[in-house]
Structure formats: C-alpha cells, structure tokens
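Spelled out from the first residue to the last, the chains are:
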Amino acid sequence: MSVLAALDVGLACVVFAVAAWTVFASGAFAATVGYVVYGLLLSLVWIRLFAVDVALTEAAIGSGVTGVLLIGAAARLRGAEATPPEEGPSGSTRLVAACLCVLVAAALAAVVLLLPDQGPTLAPQAMERLPETGLGNPVTAVLIAYRSFDTVLEKVVLVLAVVGVWSLAADRYWGGAPGEARAEPPEPTLAFFAQVLAPVGILVGVHVFWVGADEPGGAFQGGAILAAMWMILMMARLTEAPQSNAIRLRLALVAGPVVFLAAGVAGVAVAGGFFAYPAGFEKPVILFIEAFMVLSIAVTLPMLVAGPPRREPRR
Amino acid sequence: MSLILNVFSVAAIGAGVFFFLAGTVGLLRFPDPLSRLHALTKADNLGLGLIVLGLLPRTESLLAALMLVAVWALVQLAGATASQLVGRAVRRKGPAA
C-alpha cells in the first residue's frame, strides 16, 4: 500500500471516528465542535477526490456558516439543557429509532457499493461543450449554464430561509434590527482581529469569485467568505446588523435570484431559449449574474446568523 | 543544489511535524486550559511555520510562495485571537473542571 493510500485510509477512519464522537458527544456545544471538525475533515476528503470546488464549499458553508449557526443555537439552548426533561423517550422508541437509522445507513451503503465501477456520468459531455460557455471551470459551467434553473431555485431557497428566520420575530419587532440593543463597547481582541482580517478577507472573497470562472472557486465560496467578514465585524461589535425593513438590505437579498431569473427570461428574446445566453457574450453574462449572486449570498448568510428581529423598528 | 534544497525541505517539514505532534500531546495531556493553549500555539506558530518554510523551495512561482506565507500569517492571526478569547473566558469563569 502506497503512502498516499495509507493516508487516505487513515483520513477515512478519522472521519468515521469524529462522526461517532459527534453523535455520542454530551451537550450541544461539544457536538457542534465535533460537527465543525467533521466538516473540515470532509473538505480534506473532497480534496483527495480532486473536487476542490466542493472542498471549498464544504469548508465555507458546511463547516463554517453551519457551525456558526449551530453554536448560536447551542448557546440559546444552554438554559434548556441544564434542566433535563422529566422523562426521555422510552426504551422501545429509542430501539425503533436506532433500527430505522441502521436501515437507512445500510440502504445508502448498499446503493454506493452496488454502483457499477464505471458509474453513469455526464462529465464527457460537460467537458466537450465547455468552450461554448467561455469558462474554464466545468463546475461553474454546470452551476450557471447547464443547470442554471436549479441554481436560481437554490438562491430562492436562501431568501426563503431569511424570511423564515424573520418570521420568528414578535409582531412589534417586525422590521426591526436583529440582536439586542446594547451599548457595550467593541470587544478589543475581536475588534483588532476583525480590523486586520476584514480587508484581507474581502480581497480573498472577491478573488475566489473572480477566478471561479476558470479555476476552483465561484460565487458560493466567494460570497461565503465575504459573509464571514461581515459576521466577524458584527461579532466584534464594530458594526450592527441593519434593520430588517431597510430597503437596501432587502434589495441586496433578492438581487441574485432576480438578476439571474431576468437574465434567463431575457435569453428567450435574445438567444432563443429560457436561460440561453447570447453567443459570444456567455462569459460576461455569467460573470454579471454571479456578481449579484455573490452580493446576495454575502448578505443572506449573515442575516441567517443574526437571527430574527429583536428590537422595535425605528421610524 | 536540488539535493541541498530537498534535505532542507525534509528537515524543516520534519521539525514542523514534530512540533505538531508535541503540541497535540500537550493539548491532550496538560492539566489546565491555559497550559493546553500554550501547547496548541506551539503547533500553530512553529509547526505550521516550519512546514511552510520547508515547502517554500518547492513552490513553482513567487506568487505561490507568497500565498503560503499568507496562509501562515492568517493562521497566526486567527490562532492568537482565539487563544486570547479562550484565555479571557477561562479567567472570567474560572477553569472548567
């Protein structure tokens, strides 16, 4: 067995171990930490599978943003966790749940193991038509050209998620800003960190979006990095989340899907098909759409983390 | 020349791996949060720094080398900040059992 193969097996074992540790961890906070480590290890697995785009997304969204969301949830649940419920689920309920979980896992494993060695793939076709999109990164071509409608709907889901979070607000807070009103000064350590990191992070985020046309990267990953910078600035209390009825915020939230959908509809008139891009202008159109998606993602994710409005709106 | 560079790379990366190992052992074995943090920073600063140093001669371009150094610098910044925050939380609440 070569060294790399041994490392791969070791990595897979560590992923399993961390997954098991996460499931059996006592307390929501410990489980969240395990989940974040699990996500980072998974992104290493994706790199070993030569799927750098997926690795970037897993690290940024799967591990980073989801981790922040879960830590926030764990912090809110801390009070509830201290007082354990009177009676947990009964033994038979646990047994049925465990059996169902084992059944699902076994079914998934069977499906993976029963796949033919040469699985069905559209990769040759995707690579063959890649020059027509003007892009060099087949993943970006799949996301923004081959299956654009799916990607639009994914963006719409993100907007719906923000609407769902905001809907948890009490009636009198509707339209207000998330987070408690607090006059505390910025946390000094975190403020320094945010001030040094934010300029670098914004540069990296825009870079990752821009190179995504030809190399691993893209709107999702770049937008997630920009979103992280805004989250850090808010956590350091250098800036506050805007009011949820701010018109500029709402425009930024829907800009991505709206521009994407408009470009798709314009394709009917200009290029003779829903989501067809005019010949010769494919790459500029794709980058134009992506730029607005980056904006929407960079605004959506921090709003999800900031949570529902908890202050009355200023008139 | 390439032999010297290879020996340098192996030596630096080996030393870096040693610091990661030592830092991990310290993280697992040290008794209280502050000394565990101390062990962790050795892995972050010296371990990663030496590995980056060992990889520098193997980069294909100046840009790639600068990116490696930038990665190390960013990890330094994040590690130092996280250590400060954890240390402050420990001082405020007292060491967790």
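Predicted, not measured: the structure shown is a model, and the values here were computed from it.

Undergrad: Could you clarify how one ought to interpret the overall build of chain B in this entry?
TA: Helix and strand counts for chain B stand at three helices and zero strands. Helices and strands in chain B line up, N terminus first, as α-α-α. Taken against the 2.2 N^0.38 rule, which gives 13 Å for 97 residues, the C-alpha radius of gyration of chain B at 16 Å runs more than 25% over that of a compact globule. The principal-axis extents of the C-alpha atoms in chain B amount to approximately 55 × 25 × 10 Å.

Undergrad: Is there a simple way to explain the overall build of chain A in this structure?
TA: Scanning chain A from terminus to terminus reveals 12 helices and zero strands. Of the regular secondary structure in chain A, the N- to C-terminal order runs α-α-α-α-α-α-α-α-α-α-α-α. Principal-axis analysis of the C-alpha atoms gives chain A an extent of 65 × 65 × 40 Å. Taking all 315 residues of chain A together, 31% fall into the buried category. Within chain A, contacts between residues separated by at least 24 positions form 75% of all contacts whose residues are at least 6 apart in sequence.

Undergrad: Help me understand the domain arrangement of chain A in this model?
TA: Reports often express the size of an interface as the amount of accessible area lost when the parts come together. Residues and elements named next belong to chain A. Each assigned domain of chain A is listed here: domain 1 (1-81), domain 2 (88-120) and domain 3 (122-315). Taking only C-alpha atoms into account, the centre of domain 1 sits 24 Å from that of domain 3. Across the boundary between the two partners, domain 1 contributes 11 residues, which contact 14 residues of domain 3.

Undergrad: Is there a simple way to think about helix α1 (residues 2-29) of chain B in this case?
TA: Residues separated by three or four positions in an α-helix point in the same direction, a consequence of the helix having 3.6 residues per turn. All names here are of chain B. Spanning 28 residues, α1 covers 40 Å between terminal C-alpha atoms, matching the ideal 40 Å at 1.5 Å per step. Taken residue by residue, α1 has Gly16, Phe19 and Gly23 as its buried positions. Contacts made by the buried residues of α1 are with α2 (33-55).

Undergrad: Explanation requested: the nonpolar core in the structure shown.
TA: For soluble globular proteins, the rule of thumb is that nonpolar side chains tend to be buried together. Judged by nonpolar contacts, the single largest core of 57 residues is most densely connected at Ala224, Ala227, Ile232, Ile289 and Ile297 of chain A. Looking at this core, the elements that each hand over two or more residues are α3 (52-82), α7 (138-146), α8 (148-166), α9 (188-211), α10 (219-235), α11 (247-270) and α12 (282-306) of chain A. When residues of this core are assigned to their parent elements, the largest contribution, 14 residues, is made by α12 of chain A. For this core, the two domains that each supply at least three residues are domain 1 (1-81) and domain 3 (122-315) of chain A. Not counting chain neighbours up to four residues away, the residues in contact with Ile297 of chain A comprise Ala219, Phe220, Gly223, Ala224, Ala227 and Gly256 of chain A. Among the nonpolar cores identified, the runner-up in size contains five residues, and Phe19, Ala43, Ile51 and Val52 of chain B belong to it.

Undergrad: Can you help me understand the packing of α9 of chain A against α10 of chain A in this one?
TA: Each pair of packed helices can be summarised by the angle the axes make with each other and by the distance between the axes. Residue and element names in this part refer to chain A. Between α9 and α10, whose axes approach to 8 Å, the crossing angle comes to 165 degrees. By the angle between their directions, the pair α9 and α10 is classed as roughly antiparallel. Considering only the axes of α9 and α10, their crossing is left-handed. Seen from α9, the contacting residues are Leu190, Ala194, Leu197, Ala198, Gly201, Ile202, Val204, Gly205, Val206, Val208 and Phe209; seen from α10, they are Ala219, Gln221, Gly222, Ile225, Leu226, Ala228, Met229, Ile232, Leu233 and Met235. Its residues assigned to classes, the contact of α9 with α10 shows 17 nonpolar, four polar and no charged.

Undergrad: Please explain the confidence of the model for chain B as it appears in this structure.
TA: Close inspection of predicted coordinates is inappropriate for parts of the model with low pLDDT. A residue-level look at chain B finds 96% of positions with pLDDT of 70 or above and a mean pLDDT of 88. The ipTM value of the predicted complex is 0.83, and its pTM value is 0.87.

Undergrad: I'm lost on the environment of Leu21 of chain B in this one. Help?
TA: Inspection of the secondary structure puts Leu21 of chain B in helix α1. C-alpha separation for the pair Leu21 of chain B and Ala43 of chain B, spaced 22 residues apart in sequence, amounts to 7.7 Å.

Undergrad: Can you walk me through unusual backbone geometry in this structure?
TA: Most peptide bonds are trans, and most residues other than glycine sit at a negative phi. All names here are of chain A. Its identity is not glycine, yet Phe50 carries a phi of approximately 60 degrees, on the positive side. With respect to the helices, strands and loops of the structure, Phe50 is situated in the loop between α2 (28-48) and α3. Exposure remark for Phe50: the 9 C-beta atoms within 10 Å place this residue in the exposed category. Located in the positive-phi region is Phe275, a residue other than glycine, with phi close to 65 degrees. With respect to the secondary-structure elements, Phe275 resides in the loop between α11 and α12. For Phe275, a count of 21 C-beta atoms within 10 Å puts it in the buried group.

Undergrad: Whenever I open this one, the packing of α11 of chain A against α12 of chain A confuses me. Can you help?
TA: All names here are of chain A. Two elements in contact, α11 and α12, have axes separated by 8 Å at closest approach and are oriented at 150 degrees. By the angle between their axes, α11 is roughly antiparallel relative to α12. Where α11 crosses over α12, the handedness of that crossing is left-handed. In this structure, α11 uses Leu249, Ala252, Leu253, Ala255, Gly256, Pro257, Val259, Phe260 and Ala263 to contact α12, whose residues at the interface are Val285, Ile289, Phe292, Met293, Leu295, Ser296, Ile297, Val299 and Thr300. Split by residue class, the contact of α11 with α12 holds 15 nonpolar, three polar and no charged.

Undergrad: Sorry if this is basic, but what is going on with the confidence of the model for chain A here?
TA: Residue-level pLDDT values for chain A average 88, and 96% of them are 70 or greater. Per-residue pLDDT, averaged within each element of chain A, yields its smallest value for helix α6 (residues 130-133) of chain A (83) and its largest for α2 of chain A (93).

Undergrad: Sorry, what's going on with the environment of Arg36 of chain B here?
TA: All names here are of chain B. Along the chain, Arg36 turns up in helix α2. Looking at Arg36, the number of C-beta atoms within 10 Å reads 17, which means it is partly exposed. In sequence terms Arg36 and Gly87 are 51 residues apart; their C-alpha atoms lie 10 Å from each other. Aside from chain neighbours lying at most four places away, what touches Arg36 is Gly26, Leu27 and Phe30.

Undergrad: So what exactly am I meant to see when it comes to the environment of Gly272 of chain A here?
TA: Relative to the elements of secondary structure, Gly272 of chain A occurs in the loop between α11 and α12. Taking the C-alpha atoms as reference points, Gly272 of chain A and Val208 of chain A, separated by 64 residues in sequence, lie 32 Å from one another.

Definitions and limits used
Residues numbered from 1 in each chain as written. Chains lettered and ligands numbered in written order. Predicted model: local features only at pLDDT ≥ 70, side-chain atom pairs only at ≥ 80, totals over all residues. Helix = DSSP H or I, 4+ residues; strand = E, 2+ residues; numbered from the N terminus. Rg over C-alpha atoms; globule rule 2.2 N^0.38 Å. Buried ≥ 20, exposed ≤ 12 C-beta atoms within 10 Å, placed from the backbone. Contact = placed C-beta atoms within 7 Å. Domains from an automatic or database assignment. Expected span 1.5 Å × (residues − 1). Core = buried A, V, L, I, M, F, W, Y, C linked by C-beta atoms within 7 Å. Axes fitted to C-alpha atoms, helices over the stretch in contact; angles between N-to-C directions. Parallel < 35°, antiparallel > 145°, perpendicular 65-115°, else oblique. Left-handed = near helix turned anticlockwise from the far one by under 90°. Nonpolar A, V, L, I, M, F, W, Y, C, P; charged D, E, K, R; others polar. pLDDT = per-residue confidence, 0-100.

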